Amino acid sequence: MWQKDPRIFYQDFIERIEAASYGFFAISAMIAASLFFFQIIRGAHYYDRSERNRLYILTEKAARGDVLDAMKRRLAGSRTEYGVVFYPFEQTKSSLDGTIEKISSILLIPRSKIAAAVLGSVRSGRLAEIAPSVTRSQLFAIKEEQDSLTGVSVTGISKRIYSDEDINSHLVGYIGESDTAFLERNAHLGYRRGDIVGRVGMESLYDRYLRGDDGGWQIEVDVTGKQRRFLNYISPRKGYNLKLFIDGELQRAAYEAIKRTGRPGAAVAIEPLTGKVRLFVSVPGYSSSGAFSPFESAGKFWRDVLANPAKPLLNRAISGLYPPGSVFKIVTFITALQKKVPPETTYFCSGKFNYGSRTFRCWKKEGHGRLDLNGALVNSCNIYFYNMGIRLGGDEILKTAKSLNLGKITQVDFPHERSGSMPAKLPAYGGGESINVAIGQGAIIVTPMQMAQFAAAVAARGRVMKPIIVESAFGRSGEEIVLNAPLKVSDIALPPDVCDRLGAALVGVVAEGTGRACRIDGIRVAGKTGTAQNPHGNDHAWFVCYAGRAENSGTPEIALSVLVENGGSGGAVAAPIARQILEKYFDLGSPAAQPPASAAEYGD
């Protein structure tokens, strides 16, 4: 029989050994490389993951910072409420029975309900909530029996509270749970699902300051996920407090004055030289605390609010869009003087004005007779300004309006501001549009915030300031962060004689014209009424003004716009409200409610 040579067997054996050695070294190298990658390069990452798997974090939410007015009165804050939880660490059946019995008698909750929560907690190895809130006496009773209440603990829960919440709802806003869209927009800021965040208003815009830093307990868990013991407690840190330029007492006076009309409306007041917003009110408001609740009441709140025909969720101060009406005659007045129209120029008002096939009317049916530029503004004569609109051209009037920032956002530090509307150019087919523009009708749409900025710019003789609501954030370690400082938006060159003539005319409006309902002894008020035609219902009532103490030569301290939706006459409805607001601002005692005035008495 043929047999292989032994040397061949040996050579074959050596080759096999070498091949196996190469394989062994290759596998060893792969294992070493993997160990180096997972333990050295990615070691910290996987260590963190293992720690997270070993540790369970029971979060304790941080209290949100307070929202304070200019005098540090609290508009929004947090109150700690106490709830009862059960943690199932090393419990015995006998201790559970005693715990269930005692906690049931203290909280006056049926034993069966307590038992279901406790036993479910033991089975799952997770904490269970026994009661979301307890009274002060129940809290003390639990503390007294703490040694015998095995596994029971009282924990603090921060709840948001609001002062004058209907009045300040549109300013402060409300909170709610973060949703998917919110998390997608703010993923880079460390928000997590379930976080309580600001939804609108100051709560939303300054949420990163108000939210605080959550704390909680680190709890060790086993491989099945059951909680075994507490490892560490991190105290939550309350958010920064926000200090506003807003006057809370002025808010209340303005809100109540508008509310007495029975109509929706808004009021905004600004310091002309700084842009500080002292008043920001929209009527009607809503319950900020009712907007977010874990209970069934929240659903009822939203059903009621959405069904309310007064639209309480609409922030009329910054998002309500209205024609300015005769308030816009200020712009036409400025344009006339800038275009060197002699202020002595007169036109005769018979109560109506024919142009082409149309007849335009004045608010005063019998007419004003012959008026010059000053008298036309004092008496808000439509016929005079119709003539001036044709003489100047609507495009020139619009150019002046745009220079005063109308038709643009004011840049106020507040979310969802609307810009209104100011046509780029009027149609070229006739002067009818110029007639409408001259008295603030047609395609011109503004917001109360824009009109307050406009009044402030007139008071500051052409300087347009950015409105600012929030001054600073402070708290925690006492540090203060200045969030807004006065900022000039633009500065239009109004000649001194234009400012002087306009100021004198606006003072005349209040002293003897359509704004007489806003006369205040000792206060120099310069204002303009407006009754804006509304194709969808009754006319809107406007009044804009600026005011200062007579003892200080009437130097403007505050500029104000008041709107009453479907209110009718600006002179009869909006001007008396402005008076009550100014009396409060200048601390002239509690403003008395003004008796209703007739449109026939005060006019436009």
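Relevant structure appears above.
Rules used in this analysis
- Residues numbered from 1 in each chain as written.
- Predicted model: local features only at pLDDT ≥ 70, side-chain atom pairs only at ≥ 80, totals over all residues.
- Heavy atoms only, no water.
- Helix = DSSP H or I, 4+ residues; strand = E, 2+ residues; numbered from the N terminus.
- Buried < 20%, exposed > 50% of the residue type's maximum accessible area, 1.4 Å probe, protein only.
- Contact = heavy atoms within 4.5 Å.
- Areas by Shrake-Rupley, 256 points an atom, 1.4 Å probe, with all protein chains shown as cover.
- Pairing = 2+ DSSP bridges.
- Axes fitted to C-alpha atoms, helices over the stretch in contact; angles between N-to-C directions.
- Salt bridge = Lys/Arg side-chain N within 4 Å of Asp/Glu carboxyl O.
- Phe/Tyr/Trp six-rings, centres within 6.5 Å; stacked < 30°, edge-to-face > 60°.
- Lys NZ or Arg CZ within 6 Å of the ring centre and 35° of its normal.
- Arc of directions from axis to C-beta.
- Core = buried A, V, L, I, M, F, W, Y, C linked by side-chain atoms within 4.5 Å.
- Domains from an automatic or database assignment.

### Description of the overall build of the protein chain
- Along the protein chain, the regular secondary structure elements total 21 helices and 23 strands.
- The buried share of the protein chain, taken over its 604 residues, is 50%.
- Taking the intrachain contacts of the protein chain between residues at least 6 apart in sequence as the baseline, contacts between residues at least 24 apart amount to 71%.
- For the protein chain, the exposed surface amounts to about 29000 Å²; the carbon and sulfur share of it is 53%.

### Some remarks on the environment of Val-378
- Residue position: Val-378 is located in helix H14 (residues 373-378).
- Judged by relative accessible area, which is 5%, Val-378 ranks as buried.
- Residues Val-378 and Thr-529, 151 residues apart in the sequence, show an inter-C-alpha distance of 9.5 Å.
- Residues within four places of Val-378 in sequence aside, it is in contact with Ala-505, Gly-508, Val-509, Glu-512, Gly-513 and Thr-514.

### Points about the sheet that holds strand E23 (residues 558-564)
- Read from one edge to the other, the open sheet built from 5 strands follows the order E12-E11-E23-E22-E21, with strand pairing classed as antiparallel. Each edge of the open sheet is held by one strand with a lone partner, namely strand E12 (277-283) and strand E21 (523-532). For this sheet the average axis-to-axis angle between neighbouring strands, irrespective of direction, equals 10°.
- Where strand E11 (residues 265-270) lies against E12, 6 bridges are found, and the strand directions are antiparallel. In the strand pairing of E12, Gly-265 is matched with Val-283.
- Against the sheet, helix H10 (residues 248-259) contacts E11 and E12, and its axis sits at roughly 30° relative to E12.

### Thoughts on the pattern of salt bridges
- The tally for this structure, following the rule as stated, stands at 22 salt bridges.
- Residue Arg-211 pairs with Asp-195 through a salt bridge whose shortest N-O separation is 4.0 Å. Taken as a pair, Arg-211 in the loop between helix H9 (207-210) and strand E8 (215-221) and Asp-195 in the loop between helix H7 (180-186) and strand E7 (196-198) lie far apart in primary sequence, 16 residues in all.
- What makes Arg-211 partly exposed here is its relative accessible area of 23%.
- Residues Glu-471 and Lys-243 are paired through a salt bridge, measuring 2.7 Å at the closest nitrogen-oxygen approach. With Glu-471 in strand E18 (residues 470-475) and Lys-243 in strand E10 (residues 241-244), this residue pair connects regions lying 228 residues apart in the sequence.

### Quick look at the packing of aromatic side chains
- Here the structure, examined in full by the defined rule, presents 14 aromatic pairs.
- When the ring of Tyr-585 is compared with that of Phe-586, the centres are 5.0 Å apart and the planes differ by 90°; the resulting orientation is edge-to-face.
- Its relative accessible area of 17% is what places Tyr-585 among the buried residues.
- Phe-586 gets classed as buried once you look at its relative accessible area, which sits at 4%.
- Three or more aromatic residues joined by ring pairs make a cluster, and in this case those are Tyr-174, Tyr-286, Phe-301 and Trp-302.
- The ring of Phe-474 carries the charged tip of Lys-72 above its face, separated from the ring centre by 5.0 Å.
- Above the face of the Tyr-191 ring, Arg-211 is positioned so that its terminal group lies 3.8 Å from the ring centre.

### Observations concerning the pairing of E18
- Of all 6 residues in E18, 5 are buried; the element is thus mostly enclosed.
- Pairing geometry for E10 and E18, over 4 bridges, is antiparallel. Residue pairing for E18: Lys-243 is matched across the bridge by Ser-472.
- Relative to strand E19 (residues 479-482), E18 is paired through 4 bridges, and the arrangement is antiparallel. Note that in E19 the partner of Ala-473 across the bridge is Ile-481.
- Taking the residues between adjacent antiparallel strands as the criterion, E18 and E19 are bridged by 3 residues, where Arg-476 takes a positive phi near 55°.

### A short note on helix H5 (residues 136-144)
- Those residues of H5 that fall on the buried side of the exposure criterion are Gln-138, Leu-139 and Ile-142. Viewed end-on, H5 has its buried residues packed into an arc of 105°, placing them on one side of the element. In this structure, H5 carries Arg-136, Ser-137 and Glu-144 as exposed residues pointing more than 90 degrees from its buried face.

### A closer look at the nonpolar core
- Membership of the largest hydrophobic core comes to 96 residues, with the highest contact counts inside it found for Leu-171, Phe-280, Phe-328, Tyr-384, Leu-406, Phe-454 and Ile-469.
- When residues in this core are grouped by element, the largest group, 9 residues, is from helix H18 (residues 448-459).
- Lining this core are residues from two domains, each supplying at least three of them: domain 1 (56-244) and domain 2 (248-284 + 315-602).
- Here Ile-469 is in contact with Leu-171, Met-202, Leu-244, Phe-245, Ile-246, Val-277, Phe-280, Val-412, Asp-413 and Phe-414, once residues within four sequence places are set aside.

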